[in-house]
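Observations on chain architecture
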Amino acid sequence: MDMLHDPFMQRALLAAVLVGVTAPAIGIYLVQRRQALMGDGIGHVAMTGVGLGFLLSASPVWTAAAVSVAGAVVMELIRWYGKTRGDIALAMLFYGGMAGGVLLVNLAPGGSSANLTSYLFGSLSTVSRGDVVSMCVLAALVVLVTVGLRRQLFAVSQDEEFARVTGLPVRLLNLLIAVTAALTVTVAMRIVGLLLVSALMVIPVAATQQLSRSFAATFAGAVAIGVATTLGGTSLSYYREVPPGATIVLMAIGVFVVLSLLATPLARRTARSRAVAHGAGDPAECVLPEAGRGAVVAARASSATGADPGTPGTMTSQQT
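Residues numbered from 1 in each chain as written. Predicted model: local features only at pLDDT ≥ 70, side-chain atom pairs only at ≥ 80, totals over all residues. Heavy atoms only, no water.

1. As for the overall build of the protein
- When its secondary structure is counted, the protein shows 13 helices and zero strands.
- For the protein, the succession of helices and strands along the chain, N to C, is α-α-α-α-α-α-α-α-α-α-α-α-α.
- Pairs at least 24 residues apart make up 74% of the contacts formed inside the protein by residues separated by at least 6 positions.
- Put simply, the protein shows about 16500 Å² of open surface, and 66% of that area lies on carbon and sulfur atoms. (Helix = DSSP H or I, 4+ residues; strand = E, 2+ residues; numbered from the N terminus. Contact = heavy atoms within 4.5 Å. Areas by Shrake-Rupley, 256 points an atom, 1.4 Å probe, with all protein chains shown as cover.)

2. Quick notes on helix α10 (residues 197–208)
- α10 sits mainly inside the fold: 10 of its 12 residues count as buried.
- Of all the positions in α10, only Val197, Ser198, Leu200, Met201, Val202, Ile203, Pro204, Val205, Ala207 and Thr208 are classed as buried. (Buried < 20%, exposed > 50% of the residue type's maximum accessible area, 1.4 Å probe, protein only.)

3. Looking at the nonpolar core
- Val19, Ile42, Ile191 and Met201 are the most contacted members of the largest nonpolar core, which totals 69 residues.
- The dominant element in this core, judged by the number of residues it contributes, is helix α1 (residues 7–32), at 12 residues. (Core = buried A, V, L, I, M, F, W, Y, C linked by side-chain atoms within 4.5 Å.)

4. Details of the confidence of the model for the protein
- When the pLDDT values of the protein are averaged, the result is 81; 81% of them are 70 or greater.
- Counting interchain partners and residues more than four positions distant, the pLDDT-below-50 stretch residues 281–288 has three contacts.
- This model gives residues 295–320 a pLDDT under 50, and the stretch forms 13 contacts once residues within four places in sequence are excluded. (pLDDT = per-residue confidence, 0-100.)

5. Describing the environment of Gly53
- Topologically, Gly53 is positioned in helix α2 (residues 38–56).
- Using a relative accessible area of 0% as the deciding quantity, one classes Gly53 as buried.
- Between the C-alpha atoms of Gly53 and Val105, which are 52 residues apart in sequence, the distance is 8.5 Å.
- Contacts of Gly53, omitting those with residues within four sequence positions, involve Ala58, Pro60 and Thr63.

6. Details of a nonpolar patch on the surface
- A surface patch of nonpolar side chains, about 390 Å² in accessible area, is lined by Leu55, Leu56, Leu103 and Leu107.
- Elements with a contribution of two residues or more to the nonpolar patch: α2 and α4 (86–107). (Patch = residues over 30% accessible without salt bridge, like charges linked within 9 Å, V, L, I, M, F, W, Y side chains within 5 Å. Salt bridge = Lys/Arg side-chain N within 4 Å of Asp/Glu carboxyl O.)

7. Topic: the pattern of salt bridges
- Tallied over the full model, the rule gives three salt bridges.
- Ionic pairing is found between Arg190 and Asp131, a salt bridge with its closest N-O pair at 3.2 Å. Of this pair, Arg190 sits in the loop between α9 (170–188) and α10 while Asp131 sits in helix α6 (residues 129–148), and the two are 59 residues apart along the sequence. Each member of the pair, Arg190 together with Asp131, is buried.
- Put simply, Glu161 and Arg164 hold a salt bridge, and the shortest N to O gap is 3.2 Å. A residue pair is termed a helical-turn pair when its members lie 3 or 4 positions apart in one helix, as Glu161 and Arg164 do in helix α8 (residues 160–165) at three residues.
- Given a relative accessible area of 39%, Arg164 falls into the partly exposed group.

8. Some remarks on α9
- A rise of 1.5 Å per residue sets the reference length of α9, with its 19 residues, at 27 Å; its end C-alpha atoms lie 27 Å apart and thus fit the reference within 8%.
- Burial of α9 is extensive: 14 of the 19 residues sit out of reach of the surface. (Expected span 1.5 Å × (residues − 1).)

9. Observations concerning the side chain of Glu76
- Among the secondary structure elements, Glu76 is positioned in helix α3 (residues 60–81).
- With a relative accessible area of 2%, Glu76 lands in the buried category.
- With near-sequence residues (within four places) excluded, Glu76 lies in contact with Arg33, Gln35, Met38, Asn174, Leu175 and Ala178.

10. Things to note about the packing of α1 against α10
- Look at α1 against α10: their axes get within 7 Å of each other, and the N-to-C directions meet at 75°. When the axis of α1 is compared with that of α10, the two are roughly perpendicular. In this structure, α1 contributes Val19, Ala23, Pro24, Ile26, Gly27, Ile28, Leu30 and Val31 to the contact, and α10 contributes Leu200, Met201, Val202, Pro204 and Val205. (Axes fitted to C-alpha atoms, helices over the stretch in contact; angles between N-to-C directions. Parallel < 35°, antiparallel > 145°, perpendicular 65-115°, else oblique.)

11. What to know about the packing of aromatic side chains
- Across all of its chains, the model carries six aromatic pairs by this definition.
- A ring pair is formed by Phe154 and Phe215, whose centres lie 4.9 Å apart and whose planes are at 55°; its orientation type is tilted. Here Phe215 lies in helix α11 (residues 215–240) and Phe154 lies in helix α7 (residues 150–158), a separation of 61 residues in the sequence.
- For Phe154, a relative accessible area of 29% translates into the label partly exposed.
- An aromatic cluster is built from Tyr29, Phe154, Phe215 and Phe219, whose rings are joined through pairwise contacts. (Phe/Tyr/Trp six-rings, centres within 6.5 Å; stacked < 30°, edge-to-face > 60°.)

12. Let's talk about unusual backbone geometry
- In this model, Arg34 sits at a positive phi of 60°, which is unusual for a non-glycine residue.
- Backbone geometry at Glu241 places phi at a positive 55°, although glycine is not the residue there.
- For Glu241, the position within the fold is in the loop between α11 and α12 (244–279).

13. Some remarks on the environment of Met135
- Take Met135: it is sitting in helix α6.
- Taking the C-alpha atoms as reference points, Met135 and Val19, separated by 116 residues in sequence, lie 8.7 Å from one another.

Written out as structure tokens, the structure reads:
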């Protein structure tokens, strides 16, 4: 394969694998918590970090990681204490982050809004060796948290009150989920883009849930779909010169549609099998033994000839 001989594609494919693993790994908790759009909000905030990196001539990956983590912490604080005004505060945070990124990029020496394009929608050719090293470190942290603390994170995502009763540090775990989501956004922004990373957190999980309900199977299936779509989209963007982020997201949506179509007949077949299994132990009709059949026949014959139907050993229609 020609693309494997190009150094920039080697870096891009490695980055794609990292994104395919980390995005669904944290996305399964966000979907469970009904915070599917959290990644989108963090992506808006991370734009300020990218602009800060251009302004300070530093690595945009690390500045975006720092700003997005700070933004995720603020989002959790707003969720805890925001009450009725929380949605307004979150909106200002999201749009302020986007506006701050555009402003800082334009203030940077030689910077313009065009410099943000590769971070907003992803770009293969701009993934440097330093970016890959940074992404590997951040991805390792994400996998360590999402796999090592999977039981505690799942408990908090499933039912916060029950987790609190069992003695788990609910607020700390919620904060850890938010920070991990922020790091995942930073990992994915070079391949998928800040505006599309939320889709890769949610769609593989939603696609796997069409066929599976257990946590372990959903986790494994979502990661498999994430890696397959990121590698497929990255390869297709190399040969067809299409945007990698958009291609990856559309492929993930395609997988979701296919699994949804497969899930409907499978669900019907499973329901039919369960109905048959439950009905197997309940006879559809009452079958009389041979002696009983003879008694019924004798009763009908005696009734027709005017004989007394009350003879022992016979059965009348009223008794039946």
